Amino acid sequence: MTNKHIGSSFDDFLADEGRLEEATAAAMKRIIAWQIEQEMKAQKLTKTAMAERMHTSRAALNRLLDKEDTSLTLITLASALTALGKRMEFKLAA
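Student: Explain the overall build of the protein to me, please; I cannot follow it from the model alone.
Tutor: Looking only at helices and strands, the protein features 5 helices and 0 strands. Ordered by position from the N terminus, the helices and strands of the protein form the series α-α-α-α-α. Of all 94 residues assigned to the protein, the portion counted as buried reaches 22%. Here the analysis covers contacts within the protein between residues at least 6 apart in sequence; of these, 54% occur between residues at least 24 apart. Surface exposure of the protein reaches about 7,200 Å², of which carbon and sulfur atoms provide 56%.

This is the structure:
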């Protein structure tokens, strides 16, 4: 019995399983949350101070920083970036 995935990429495997978009979203959220946490540390910002800068609750900030929660909105992301004095660059790649 041959394995149809031998010689294919992991992305091909995930696509065949119907999980590529889910895995991509999870990976992107983990990176975004990690980068925001790192910048908060660099600026010595507590979660309370960050939430205040974002004009939101600590619960909303916790959802933003939750690496498993992929329901991030662009408004929440923009608010966090503004609070940190940062911007994000997006690029479509082939």
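Student: Teacher, can you tell me more about the pattern of salt bridges here?
Tutor: Close approach of charged atoms allows side chains of opposite charge to pair. One pass over the full model with this rule turns up 4 salt bridges. With a shortest N-O distance of 2.9 Å, Lys 67 and Glu 37 are connected by a salt bridge. Here the residue Lys 67 occupies a position in the loop between helix H4 (58–65) and helix H5 (74–84), and Glu 37 occupies one in helix H2 (residues 20–42), the gap between them amounting to 30 residues. In this structure, Lys 86 and Glu 39 form a salt bridge, with 4.0 Å as the shortest nitrogen-oxygen distance. Here Lys 86 is found in the segment after H5, whereas its partner Glu 39 is found in helix H2, with 47 residues between them in sequence. Assessed through its relative accessible area of 44%, Lys 86 is described here as partly exposed.

Student: Help me out: how do you make sense of H4 in this one?
Tutor: Three or four residues apart is the spacing at which side chains of an α-helix point the same way, because the helix has 3.6 residues per turn. Buried within H4 we find Ala 60, Leu 61, Leu 64 and Leu 65. Along the long axis of H4, the arc covered by the buried residues comes to 135°, so they all point the same way.

Student: Help me out: how do you make sense of the environment of Gln 35 in this one?
Tutor: With respect to the element layout, Gln 35 can be found in helix H2. As a C-alpha pair, Gln 35 and Leu 65 span 30 residues in sequence and 9.6 Å in three-dimensional space.

Student: Is there a simple way to think about H2 in this case?
Tutor: If you check H2, its first and last C-alpha atoms are 33 Å apart, about what 23 residues at 1.5 Å a residue would give, namely 33 Å. Those residues of H2 that sit buried are Lys 29, Ile 32, Ala 33, Ile 36 and Met 40. If you follow the buried residues of H2, they end up packed against helix H3 (47–54), H4 and H5. Lys 44 occupies a position one or two residues after H2 and carries a positive phi of about 55°.

Student: Explain the nonpolar core here, please?
Tutor: One broad trend across soluble globular proteins is that nonpolar side chains are buried collectively. Among the nonpolar cores identified, the biggest contains 15 residues, and Ile 36, Met 40, Met 50, Met 54 and Leu 61 are the most heavily contacted of them. For this core, the elements supplying multiple residues, two or more each, are H2, H3, H4 and H5. Sort the elements by how many residues they give to this core and H5 lands first, with 5 residues.

Conventions we followed
Residues numbered from 1 in each chain as written. Predicted model: local features only at pLDDT ≥ 70, side-chain atom pairs only at ≥ 80, totals over all residues. Heavy atoms only, no water. Helix = DSSP H or I, 4+ residues; strand = E, 2+ residues; numbered from the N terminus. Buried < 20%, exposed > 50% of the residue type's maximum accessible area, 1.4 Å probe, protein only. Contact = heavy atoms within 4.5 Å. Areas by Shrake-Rupley, 256 points an atom, 1.4 Å probe, with all protein chains shown as cover. Salt bridge = Lys/Arg side-chain N within 4 Å of Asp/Glu carboxyl O. Arc of directions from axis to C-beta. Expected span 1.5 Å × (residues − 1). Core = buried A, V, L, I, M, F, W, Y, C linked by side-chain atoms within 4.5 Å.

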